[in-house]
Amino acid sequence: MSDRDSGALRRRSLFGLTAGAAAALAAGTAPAAAATAPPAPPPTPDGGGQSTPITADQAWRILSEGNARFVAGRQKHPHESLKWRESLVKGQHPFAVILGCADSRVPPELVFDEGLGDMFVIRSAGEVLDTSVVGSIEYAVEHLGVPLIVVLGHASCGAVSAAVDLVRGTAHLSGDISTLVRAVEPAVRATPPNPDPAAFLAACVAEQARRTAVLLKERSDIVTKAIAERGVKIVSATYELTTGAVTRV
Ligand SMILES: [Zn+2]
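Predicted, not measured: the structure shown is a model, and the values here were computed from it.

Draft legend 1. A look at the pattern of salt bridges. The full count for this structure, using the stated rule, is 6 salt bridges. A salt bridge links R61 to E65, with the nearest nitrogen and oxygen atoms 3.2 Å apart. Of this pair, R61 and E65 both sit in helix 4 (residues 56-72), separated by 4 residues, roughly a single helical turn. Judged by relative accessible area, E65 falls into the buried class, the value being 3%.

Draft legend 2. The sheet that holds strand 4 (residues 233-239), seen in detail. Strand order in the open sheet formed by 5 strands is 2-1-3-4-5, and the pairing between neighbours is mixed. On the outer flanks of this sheet lie strand 2 (119-123) and strand 5 (246-248), each paired with one strand and no other. The average angle at which neighbouring strand axes cross in this sheet is 30°, direction not considered. Note: strand 3 (residues 148-154) against strand 4, 7 bridges, orientation parallel. Its bridge partner being in strand 4, V151 is matched across the sheet by S236.

Draft legend 3. Structural view of the coordination of the zinc ion. For the zinc ion, the full set of protein donor atoms is C101 (SG), H154 (NE2) and C157 (SG), and the range of their distances to it is 2.0 to 2.3 Å. Here the donor residues for the zinc ion map to a single chain with the spacing C-x52-H-x2-C. With respect to burial, H154 and C157 carry one shared label: buried.

Draft legend 4. Focus on the side chain of E138. Looking at the element boundaries, E138 is found in helix 7 (residues 131-143). For the buried E138, which has no salt bridge, the nearest side chain bearing the opposite charge is R219, at an N-O separation of 7.9 Å. Polar contacts involving the side chain of E138 include one to the side chain of S220, which spans 2.6 Å. When residues no more than four places from it in sequence are discounted, the contact partners of E138 are H143, S220, D221, I222 and V223.

Conventions and cut-offs
All residue numbers here refer to positions counted from 1 along the written sequence of the relevant chain. Only residues with pLDDT of 70 or above have their local features reported here, since the model is predicted, and side-chain atom pairs are shown and tallied only from 80 upward, although totals for entire chains, interfaces and linings are computed over all residues. Remark: hydrogens and water are excluded; side-chain values derive from all non-hydrogen atoms of the structure. A side-chain nitrogen of Lys or Arg and a carboxyl oxygen of Asp or Glu constitute a salt bridge if their distance falls within 4 Å. Numbering of helices and strands starts at the N terminus; helices are DSSP runs of H or I of at least 4 residues and strands are runs of E of at least 2. The buried label goes to any residue with under 20% of its type's maximum accessible area, the exposed label to any with over 50%, and the partly exposed label to all in between, with areas taken from a 1.4 Å probe on protein chains only. The pairing criterion for strands is at least two bridges between them, as found by DSSP. Here an angle of 0 to 180 degrees is reported between the N-to-C directions of two axes, which are lines fitted to C-alpha atoms, with helices fitted over the stretch in contact. With water omitted from the atoms examined, metal sites may look incomplete; donors here are N, O and S atoms no farther than 2.8 Å from the metal, or 3.2 Å in the case of Na, K and Ca. For the purpose of counting charges, residues Lys and Arg are taken to be positive, whereas Asp and Glu are taken to be negative. His and the chain ends are not included. Any pair of nitrogen or oxygen atoms within 3.5 Å is treated as a polar contact; in protein, a donor-acceptor pairing is required on top of that, and neighbouring residues in sequence qualify only through side-chain atoms on both sides. Any pair of residues with heavy atoms lying within 4.5 Å of one another is described as a contacting pair.

Coordinates in, geometry out; function isn't part of it.
Here you go:
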């Protein structure tokens, strides 16, 4: 952490956000229209552009629009240019925290079609919380002024599947994998039984995302305070491998 980062407490402006998303927000247009909007200019040195602060709801809408592009195969791959990269040297102004699984099939920047500096991403198998994960989220919320936290589970999650096996007594876990899977176990035990294994696993995945969001609020005074005083929101969601779609759960 640095003083430079602390200076990033200013909220990111809509104008400095994703290209078409900001235009779509301003115009109230659909994602398809946003996809044709001109690219946004890089942020000014102070994180700049206009001073309108972005809200949690606006941040979620930008992510939803990006995911819609990903689902449709119409990605814009924003904020990957040399000019944009250089504009970020003086500081970062991400508009969302993504706590996602480490699974190689669910990289948040691709799933939400965002680029450098857009999202503060933390990944652990099964979105399991530990002190490092919570501390990283707290840093993004408190020092970077991020308005939205997304807990992103996904279909066919190996960590959740292993926790299902653990509950059934068929798991063979070694090393710290055991600690990880046992952290997911309560979500499996809280999920109503279902004779369909695939449906049960999907329900467990959703429960783990929801439960992690609740646990985060319980564990972090910084996050709780940010929710109460600054309108920060936590969204739990899951990613479907087959369609690429992210759905709130
Ligand atoms: Zn996973």
